[in-house]
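# Structural features, examined
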Amino acid sequence: RLRVARPQARTRATAATPRATLEHLAPAHGRTQRPPPPGAPATESHRLEAKVPSCGFIPQMATSSARAPAAAATASGSWAPSTSRRVAARSRPAPATPLERSVGVGPGASRWATDGSGWATAALGRRHEKERRRLAGRPSRAVTEPAGDVPISSPPPTADERDSKSYDQTGQHTIELPELTPSSREDRFDLVIVGCGPAGLSAADRASSKGLRVALIDPTPLKRWQNNYGVWVDEFENLGLTDCFNKVWPRAKVVIDDARPDGIDLARPYGQVNRIVLKNKFLARCVDQGVVFGACAVEGVAHEGDGSVVTLKGGENGKFAGTEVHAKMVLDATGHARKLVQFERDFTPGYQAAFGIMCETDGPHGLDLDTMLFMDWRDEHLSPRYKEMNSQHPTFLYAMPFTETKIFFEETSLVERPGLEFDDLKVKLKQRLAKMGIKVKSVQEEEYCLIPMGGVLPTLPQRTLGVGGTAGMVHPSTGFMVSKTLLSVRSLVDTLVDELKAGGTGGGARIDADGVAERVWQSVWPDEELRMRTFMCFGMETLMELDIKGTRQFFETFFKMEQDVWGGFLSWRIKPLGLVKLGGVLFFKFSNYMRFNFVWSALPFMASFIKNFATADNTFNSDKWGGLVLQKPKLTSVPGQGPIPRPDTDKKRENPAAEPISGSSIDFSKLIAGGDIDKPQQASKLRPDREWIEFQQRKIFKDQAPIVDVLEPLANDAVVDVLVVGAGPAGLAVAAEMATRGVSVGLIAPDTPFVNNYGVWLDEFEELGLTDCLLHEYDDALVWFNDRDPAAGIGLNRAYGQVCRRRLREKLLARCKAAGVRYAPGLVDQLKHGDADEGELSVVSGAIKRDGNNDVSFNMSAKVVVCGTGHNRDMLQYEDGPGPGWQTAYGIEVKMPGHPFEVNKAVFMDFRQSDPELEDGSVESGVWRVPSFLYVLPVDENTVFVEETCLVARVQVPFDELKRRLYRRLSRMGLNVTQDQIIEEEASWIPLGGTPPTSPQRTLAYGAAAGLVHPASGYSIVNSLRRAPAFADAVVSGLEAGGSAEAATRGWDVLWGDEPRRQVGFYQFGMELLMSLRIEQMRNFFGTFFALPKELSAGFLGNNLTSVQLLQFALTVFFQGNWELRALLLTHLASAGAGVRLGKAYAHPLLRALYGGNGTNDGSVSTVVDRKKPPQEPNFSSFARDLFSAEEQGFLPGFQGKDWWAVGTRPEYGERKSRDDEDDDDDEAGNGGGGSAGGAGGSPRSSPQGSAGSKGERDLVSSSMNAASVTSLGGDQGSMAYWSNGSAALVVTSAVRNTGARVDDLYGERRKKFLPAALLNVTGQGVVPPYLTGEMPGDVGWDPLQMGAQRDIMKLRERELIHGRWAMLAAIGVLVPESTARLSLFGTPGQHWWNTHIEWTGTSSGIPELTYLGENIPWGVFWLPIIHLPLFFVAEMLRTGRLEVEAFRDLDQLYPGGKLFDPLGIGAGVSDEELKILKTIEIQHCRLAMIASFGFIVEALAWGAGPLDVFGGA
């Protein structure tokens, strides 16, 4: 550590500090402690030392960097850096500029000298050198300068060595700071300053130099200032701080766009402040002048008549807790934290956000070392998503080149409300550097800058004084602050000194504190300054409204003005009249486009600006039109980037700049090293889901007793009435219910615990009498639908609970024991049903597991076998149809002290997006991210269960993908999880929907195996427990009435009778809708769902609604939802699959009467079931195959796209099943019992694509898995009968395919023409004109008048299409009023579409009445055509290109598409071939409509008849 010591002491250094930066050290001051006031006890100087990391933070400066907006330029002015600078990295240092040498900074500017005491520091300017000589003989305290240490015996470093680190600003401040001295009302400090940033330290320096007794309070007064400060050199020259520069550039540059890379040169020197030197300088002077320091925080301040009392807290070991500091005046210099000053109105600033890096590049970066790049607005380097965002929320590059390879880059958003996210800025900076060809070798420092700009000033006046960011001294239009603050300190302190002197000297002098504060505030913010700030706030609001084009034109005009003008504006030097002149000159120099946009952007704030500018008021309103117009929240970031507000955050009171910002979810170093590693990976690179499921099934919970220790054993050859296979909640519940009804019941299943967490609605468990089985009860459940929802969430006003697995299992086992259920820990291999008519029993065979011994075979017999094996499908036969959807979830119970979730509230659904969509993942491109949400069950204040859940997906979202999303989401919430904190991991896997079991069949099923899982939510446990009594009643009564066959029939009727089928059909309809929704559509649906009456939403989730009530539910959703949701519901209902299946479910009795049996043509049910050769593909095999099939077709896990319903469309299982007969030892895992629990065991070893069990066994055809490579899947027509995706495009696609039309039939030489081919061959080639080549839609070779031969055929086609569209509207406009009149709905029978009259008779007011179809219509309707005609004219001008607007410039004039011209998205999600067919269909309808409209007109003119008169009189 370098110490600048007394003259007789040798200067010492250590190797801890880089020696290359000694040239930037501030000179050492000899310092003498100011004697204490009379009567005050003498105190020792208290040594404070803070070791500062490279990314430290100054709390009082919050996140403001107080420097100009930044941008980047190149040496040659081109986009790519000059190749001449990239030939090789030079080892020599960058030469110091003449300007740098004149102020004593830069490489080579230091002079090294040696004397008897060792190496001395460099002189940093004549003025500072003189000061050092003057103080050379005075004693000084030890100061550790951060710029570097040099070994005592080392020679001076060479220029090459100095250059590598000569501009680093890392290190530590170590200086003996005098500790805070006692004070009282009789012995007050003149000034107590809170905050040790540039504002607070400079105020302490000036006040103490004027003879005031000053105390400075800050928790870490020696902590390094975090942010870089950039200033214009002339501003620091005026302040006498030219010795505090780190680097000076003779000129700056602004690059406007990609077309003009040379940019605009600014002949104004710019400098980076050496924040280490500047702080050392202020600290040294403060200590010399007697300032005392309190290393603690402030609890609050209380004002008295002639002073104030500041209450402290904290400090080392809490030494300052409760201490009172008495002062005449208090100054708040806490930066943007605004700790003490008060605001009479909400503080609603804009925010300048910037992310910067100080880095070493791999080779020369190519930027001109003599030019600071002030702004670079180019954006051609951006990807489409970020370029679109940049068009409305532009950012620029700010760059400070120090050496050939050392440079500071910063991506900056000038001002936005709310501020842009740092993750977005990182991605944009990465893309910019890649375009420039710059490779970052290492990042020495990262900077996160968030500066509040504009907004209201503090209440003026008030007793607490303010300076810096807390007093609104940030330039509202640029973000500059430090120079303005240091200048304002002078007027503030000088006024305060004069006022205090007028009141008398000494700590006990009486002053009028209110009057002093008022006059000080007036000196800080006089009327002239208030007017200037109002003008700048007005400019800020206007800039926020401009898009990238307007922003570029504004700054191009601005920086081409005289330097005195733009320089004065940036430096607060132009007076109010000059600002008005500046505005006028800008407007005069603007282009017409810019004038219009500038006025349009400024108009909403004009009234408030004029008022405040004229009156010098502090009430400028940042709301458009004074808040009279509701403003739509702006989307300033890519969804899925940036922080997620935690539930313990109150957004209304949140100050985003109050707390340190030291990082964001994206690691920039990893981002530039190889892209964002936190993104979805290929399915083949993930841990197989089979391993996750087996991991879940094999969990051991020692608190759950083995079943063999509870129930009586079941003999290997036992004969029972009912044999239940499976020992999960459903199996135990139904076994107990059967046994209580007097039949003998055996239970066979692996002896495993309950492993899954169960969440239930509290009222449902109360109805079951199982509240004693709950582990936790929550007063409410919270939901978040999008990022605009309150940080605390939206309560559902419904209590929730977490089930205790141990208690529930113990209770169900106790019921089984009390009822006499017997148990065998076995695994079923085969089930053979005897002839029920002959009274033969069903035989179940398999093996019983014995610890340490060989398995023992068993052959048990039963009248009825009930399969309760969960999601295993191996022992049942299911109907043919679409496969299931998949709900997957990955969760962890984790120790998280002080987590932000309320202990008495569960988080049911948090749909705030965990990470962004793929780069090109739009509906139009056919790719989107499968939505998932956060589910949280707090355990206590330090423990919580968090889970990322995919509600339902066509192709399973893998557990590793959900784990990635969960960790990313927690990171964005500021919650980091380490492995040692995890108590338990959970992988939950639930097939939803699909086809039901074939019924009736001899094998009964219950629980998930019987399809009792709610297809739209995944809930099953309550439904299984609730329906067990009714199911048991039916089976037992069937046994008593007619034996096993009747028992099976009655049992299946309870589960899958007419009413249950209708209910499940409706739920499955909802599941398929949810499966198709994008994240915004999902949010829209659930926002409507949870706003329904509670009895409907709760009934839907709880399976409590009848089939009729479900229809009422659907209508309520339809009418309560918005038009987008209504369109989704209608198109889903009209789709080829979902609507048909829903209709079949409700018409099941009719279908059963038609087909017999269960209403389908499924054929007979097998009487022998072999687990190793199941009747259909096991669930695990099917989802694994679909997952890898999706990968082969270009989908990343967790993403889906157009035609996604066709992924994994499977052939008949029997055509391709090929199985090993070997036993699978994994079958015993799981709580389902019987077959492979959960479907993991017993799954096939092979599939059509190969094994789904390991990463290395698959040869995938997957060359690129990024978004751009994802292509549309081509599904066959049969797949359309299975799935719908909730979009109009699907309905159209289905309709197009049902027409049977093919592109080859409609386009090209071989297209179908107006005559059959045989007749065309007879008539010869001349019948089809040669200019009709088949390229246009609807070209059938017909043009008998040869109109296309003499004229532009494309112009004719344009007119035909436009007239045809009008004709289609006209046809509807004729038929609708004709129909309403005939039906007397509107109009009188006998009236026709042309019957419009003006009635003058019988009107008392003299105003005629308008009638249409004999009905009076309001006069306001008369204005509609008058208003519409000009709009039609403008629309036609836009379409033809005679009037140009940027938004319509690149649109196809005939088929523009988009939400404005294709609101239903009919052409958005279809293939090129389908679009061609649609165009043909449209032109054919156009031609038909034109003929029809012409016929309507002729009919009306000739016979006075309407088109429906052919049906006779009304």
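The structure contained in this document is the topic of the report that follows. (Residues numbered from 1 in each chain as written. Predicted model: local features only at pLDDT ≥ 70, side-chain atom pairs only at ≥ 80, totals over all residues. Heavy atoms only, no water.)

### What to know about the overall build of the protein
Helix and strand counts for the protein stand at 40 helices and 46 strands. In the protein, buried positions account for 57% of the 1514 residues. Of the contacts made within the protein by residues no fewer than 6 positions apart, 79% connect residues no fewer than 24 positions apart. For the protein, the computed accessible surface area is about 61600 Å², with 54% contributed by carbon and sulfur atoms. (Helix = DSSP H or I, 4+ residues; strand = E, 2+ residues; numbered from the N terminus. Buried < 20%, exposed > 50% of the residue type's maximum accessible area, 1.4 Å probe, protein only. Contact = heavy atoms within 4.5 Å. Areas by Shrake-Rupley, 256 points an atom, 1.4 Å probe, with all protein chains shown as cover.)

### Let's talk about the nonpolar core
Counting residues in hydrophobic clusters, the biggest one holds 118 residues, and the most contacted among them are Phe 374, Phe 554, Phe 555 and Phe 559. Ranked by the residues each element gives to this core, the list is headed by helix 11 (residues 527–545), at nine residues. Those residues within four positions of Phe 554 in sequence are excluded, and the remaining contacts are Leu 543, Leu 546, Leu 586, Phe 590, Met 594 and Phe 598. Core analysis: the next-biggest nonpolar cluster, separate from the first, contains 75 residues, Leu 774, Leu 808, Met 875 and Leu 1012 among them. (Core = buried A, V, L, I, M, F, W, Y, C linked by side-chain atoms within 4.5 Å.)

### Points about the pairing of strand 33 (residues 842–848)
Judged by how many residues are buried, strand 33 sits mostly within the fold: six of seven residues are covered. Alignment of strand 32 (residues 826–832) against strand 33, held across six bridges, turns out to be antiparallel. Residue pairing in the sheet places Gly 826 in a bridge with Ile 848 of strand 33. The pairing of strand 33 with strand 34 (residues 856–867) spans seven bridges and is antiparallel. Paired with Gly 846 across the strands is Phe 858, a residue of strand 34. (Pairing = 2+ DSSP bridges.)

### Comments concerning the sheet that holds strand 45 (residues 1409–1412)
The three strands lie next to each other as 44-45-46, forming an open sheet whose pairing is antiparallel. Only two strands of the sheet have a single partner each, and these edge strands are strand 44 (1396–1399) and strand 46 (1415–1417). Averaged over all pairs of adjacent strands, the angle between their axes in this sheet comes to 35°, without regard to strand direction. In this structure, strand 44 lies alongside strand 45, joined through four bridges in antiparallel fashion. Residue pairing for strand 45: Ile 1398 is matched across the bridge by Leu 1410. (Axes fitted to C-alpha atoms, helices over the stretch in contact; angles between N-to-C directions.)

### Focus on the environment of Ser 1017
Assignment of secondary structure puts Ser 1017 in the loop between strand 41 (1004–1005) and helix 22 (1021–1042). When the C-alpha positions of Ser 1017 and Phe 1100 are compared, they lie 9.4 Å apart, and in sequence the two are 83 residues distant. There is a polar contact of 3.3 Å between the side chain of Ser 1017 and the backbone nitrogen of Tyr 1019. (Polar contact = N/O pair within 3.5 Å; in protein donor to acceptor, adjacent residues only side chain to side chain.)

### Thoughts on unusual backbone geometry
For the bond from Arg 417 to Pro 418, the omega torsion is 0°, close enough to zero to count as cis. Structurally, Pro 418 is set in the loop between strand 20 (406–416) and helix 8 (422–436). One non-glycine residue with positive phi stands out, namely Asn 797, at about 55°. With respect to the helices and strands, Asn 797 occurs in the loop between strand 29 (794–795) and strand 30 (800–803). You can call Asn 797 exposed: its relative accessible area is 60%. With phi around 60°, Asn 1103 is a residue other than glycine that occupies positive phi space. Looking at the secondary structure, you find Asn 1103 in the loop between helix 26 (1094–1101) and helix 27 (1107–1120).

Take it as geometry only, folks, not as evidence of what the structure does.
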